[in-house]
Amino acid sequence: MTSQPSIDDELYQDHILQGVSRTFALTIPQLPEALRRVIGNAYLLCRITDTIEDDNALSSEQTRQLSDMFADVVCGSASAEEFAQQLYPLLSSHTIPAEHDLIKNTPAVIRVTHSFNPAQRKALERCVRIMAKGMADYQETESLDGLKDLPAMNQYCYYVAGVVGEMLTELFCDYSEEINLHKPTLMKLSVSFGQGLQMTNILKDIWDDRKRGACWLPQDIFLKYGFHLTDMQPGMKDTNFQAGLAELLGIAKGHLQNALIYTSLIPLHEKGIRRFCLWAIGMAILTLNKINNRRDFSEGTQVKISRNSVKTTVALTSLFASNDWILELLFKLTSRNLPAVEPHNEALSGTS
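The structure contained in this document is the topic of the report that follows. (Residues numbered from 1 in each chain as written. Predicted model: local features only at pLDDT ≥ 70, side-chain atom pairs only at ≥ 80, totals over all residues. Heavy atoms only, no water.)

## Structural notes on the overall build of the chain
- When you go through the chain residue by residue, the secondary structure sums to 17 helices and zero strands.
- Since a compact globule built from 352 residues should have a radius of gyration of about 20 Å, the 20 Å found for the chain is in line with a globular shape.
- For the chain, the C-alpha atoms occupy an extent of roughly 60 × 50 × 35 Å along the three principal directions.
- For the chain, the accessible surface area stands at approximately 15600 Å², while carbon and sulfur atoms represent 52% of it. (Helix = DSSP H or I, 4+ residues; strand = E, 2+ residues; numbered from the N terminus. Rg over C-alpha atoms; globule rule 2.2 N^0.38 Å. Areas by Shrake-Rupley, 256 points an atom, 1.4 Å probe, with all protein chains shown as cover.)

## Here's the deal with helix H15 (residues 271-293)
- Helix length check: H15 (23 residues) gives 32 Å between terminal C-alpha atoms against 33 Å at 1.5 Å per residue, within 8%.
- Counting buried positions along H15 yields 17 of 23 residues, so the element is predominantly enclosed. (Expected span 1.5 Å × (residues − 1). Buried < 20%, exposed > 50% of the residue type's maximum accessible area, 1.4 Å probe, protein only.)

## Considering the pattern of salt bridges
- Under the definition given, this model contains 15 salt bridges.
- With a shortest N-O distance of 2.6 Å, arginine 64 and aspartate 137 are connected by a salt bridge. Note that arginine 64 is positioned in helix H4 (residues 60-75) and aspartate 137 in helix H8 (residues 118-139), a separation of 73 residues in sequence.
- Residue arginine 274 is joined to aspartate 324 by a salt bridge in which the shortest nitrogen-to-oxygen separation is 2.9 Å. In this pair, arginine 274 is assigned in helix H15 and aspartate 324 in helix H17 (residues 324-334), connecting sequence segments 50 residues apart.
- Note on arginine 274: relative accessible area 0%, which makes it buried. (Salt bridge = Lys/Arg side-chain N within 4 Å of Asp/Glu carboxyl O.)

## A word on a positive patch on the surface
- Side chains of Arg22, Lys304, Arg307 and Lys311 sit close together on the surface and give a patch of like positive charge.
- With a relative accessible area of 57%, lysine 304 lands in the exposed category. (Patch = residues over 30% accessible without salt bridge, like charges linked within 9 Å, V, L, I, M, F, W, Y side chains within 5 Å. Lys, Arg positive; Asp, Glu negative; His and termini not counted. Charge placed at Lys NZ, Arg CZ, Asp CG, Glu CD.)

## Looking at the environment of aspartate 8
- Locating aspartate 8 in the fold gives a position in helix H1 (residues 7-20).
- Considered as a pair, aspartate 8 and alanine 108 are 100 residues apart in the sequence and their alpha carbons are 8.3 Å apart.

## Some details on the environment of phenylalanine 222
- The topology assignment puts phenylalanine 222 in helix H13 (residues 219-223).
- Each C-alpha atom of the pair phenylalanine 222 and arginine 275 lies 36 Å from the other, and the pair is 53 residues apart in sequence.
- Contact partners of phenylalanine 222, with chain neighbours within four places excluded, come to Leu217, Phe227, Leu229, Phe241, Gly244, Leu245 and Leu248. (Contact = heavy atoms within 4.5 Å.)

## Digging into the nonpolar core
- Of all hydrophobic cores here, the largest spans 105 residues; its most connected members are Ile39, Phe70, Phe172, Leu217 and Leu248.
- Among the elements that take part in this core, helix H9 (residues 150-175) stands out by supplying 15 residues, more than any other.
- Each residue touching leucine 248, except ones within four places of it in the same chain, is listed here: Leu150, Met153, Met199, Leu203, Leu217, Pro218, Ile221 and Phe222.
- Formed by five residues, the second largest nonpolar core is a distinct cluster that contains Trp279, Met283, Ile305 and Val310. (Core = buried A, V, L, I, M, F, W, Y, C linked by side-chain atoms within 4.5 Å.)

## Describing helix H16 (residues 307-319)
- Taking 1.5 Å as the rise per residue, H16 with 13 residues should run 18 Å; its terminal C-alpha atoms sit 18 Å apart, in good agreement.
- When H16 is considered as a whole, its buried residues turn out to be Val310, Thr313, Val314 and Thr317. Across the axial projection of H16, the buried residues extend over an arc of 95°, all falling on one side. What points out from H16, more than 90 degrees from its buried face, is the exposed set Asn308, Lys311 and Leu319.
- Of the surrounding secondary structure, the elements contacted by the buried residues of H16 are helix H2 (22-27) and H15. (Arc of directions from axis to C-beta.)

## Overview of the packing of aromatic side chains
- Inspection of every chain in the model, using the stated rule, returns 12 aromatic pairs.
- Look at tyrosine 138 and tyrosine 156: their rings are 5.3 Å apart centre to centre, the planes differ by 55°, and that puts the pair in the tilted class. Here tyrosine 138 is found in helix H8, whereas its partner tyrosine 156 is found in helix H9, with 18 residues between them in sequence. Residues tyrosine 138 and tyrosine 156 agree in their burial class; the two are buried.
- Every member of this aromatic cluster is reached through a ring pair, and the members are Tyr138, Tyr156, Tyr158, Tyr159 and Trp216. (Phe/Tyr/Trp six-rings, centres within 6.5 Å; stacked < 30°, edge-to-face > 60°.)

## Considerations on the environment of tryptophan 216
- If you trace the backbone, tryptophan 216 turns up in the loop between helix H12 (206-211) and H13.
- In this structure tryptophan 216 comes out as buried when scored by relative accessible area, which is 7%.
- For the pair tryptophan 216 and leucine 144, spaced 72 residues apart in the sequence, the C-alpha separation amounts to 8.4 Å.

## Looking at the side chain of threonine 51
- Tracing the chain through its elements places threonine 51 in helix H3 (residues 33-54).
- By relative accessible area, threonine 51 is classed as buried at 2%.
- When near neighbours in sequence (up to four residues on either side) are disregarded, threonine 51 contacts Leu91, Thr95, Glu99 and Ile103.

## Overview of the packing of H8 against H9
- H9 packs onto H8 with a crossing angle of 175° between their chain directions and a minimal axis gap of 9 Å. The angle between H8 and H9 falls in the class roughly antiparallel.
- Each residue belonging to the contact of H8 with H9 can be placed in one class, and the counts come to 17 nonpolar, three polar and four charged. (Axes fitted to C-alpha atoms, helices over the stretch in contact; angles between N-to-C directions. Parallel < 35°, antiparallel > 145°, perpendicular 65-115°, else oblique. Nonpolar A, V, L, I, M, F, W, Y, C, P; charged D, E, K, R; others polar.)

Shown next as structure tokens:
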């Protein structure tokens, strides 16, 4: 059994969030007080899962074993202390200091997790279980060849982000009966929302991922234009490569359009939840624009959005958080130069 969280556990959660994610440290405080604590904790659980998958010092067998163990820890059937003692000494310098600290203090995070109501705990447990298994599966097939096709990319995005969208929707619906009225539609759109954000990250990080031996791009999209992903090099000016990249930018844009529809289903008076969603959408669209304007980029820093762009996005979406018409207009204006490609339907269906 896990003991109840102390004030120190709660303070640690707030503190470490600042260290592991500037973006979520910015967006989570926008949420209603009743959601901040559980969603902050949910993010940390996902970050621990991600740390297990990302540290290249771990073998595939260790990654699988520790991922399964952490899912059991979240469910309450394994010891958080034993998990931390096993993983912490194995972490390499590839993992940032804040994540080392997070792993070391897993028991504090889990004590907070186990204080939530049954519906909240069920949502968190399901997310971590699916994410841990799915990410471990994909890590075992990680290579520079890319993924087989777009459906494989969709599935990868589901494991990394779509299931997080489903979890957040479960938490929103548990928080509000009014939101719960739209649950079936929101659950479907949440997977697309997650995919739009994850595809943005994949496209931004293609060269950084490649340096560590990974490529999450779909082969079939590029083969359509006569380009093989094994021929990728930073600063690609090849028109066939850029044509494949453009198609993926268009697909990501389509998913972010679905994310805006998702946000429009949140009641107008829930400005905090709307801001939480809108800031993520706005920053993703700006990142896609940067990539589109510099398709021959060679590292992620070249397509990173500026602090001023972030501030402008925050200010505009906050000002018009309750005006769906203006939000739609802003989306159209901001994304007007991006290719238009319909997102494929299979990305809208999650995995149970």
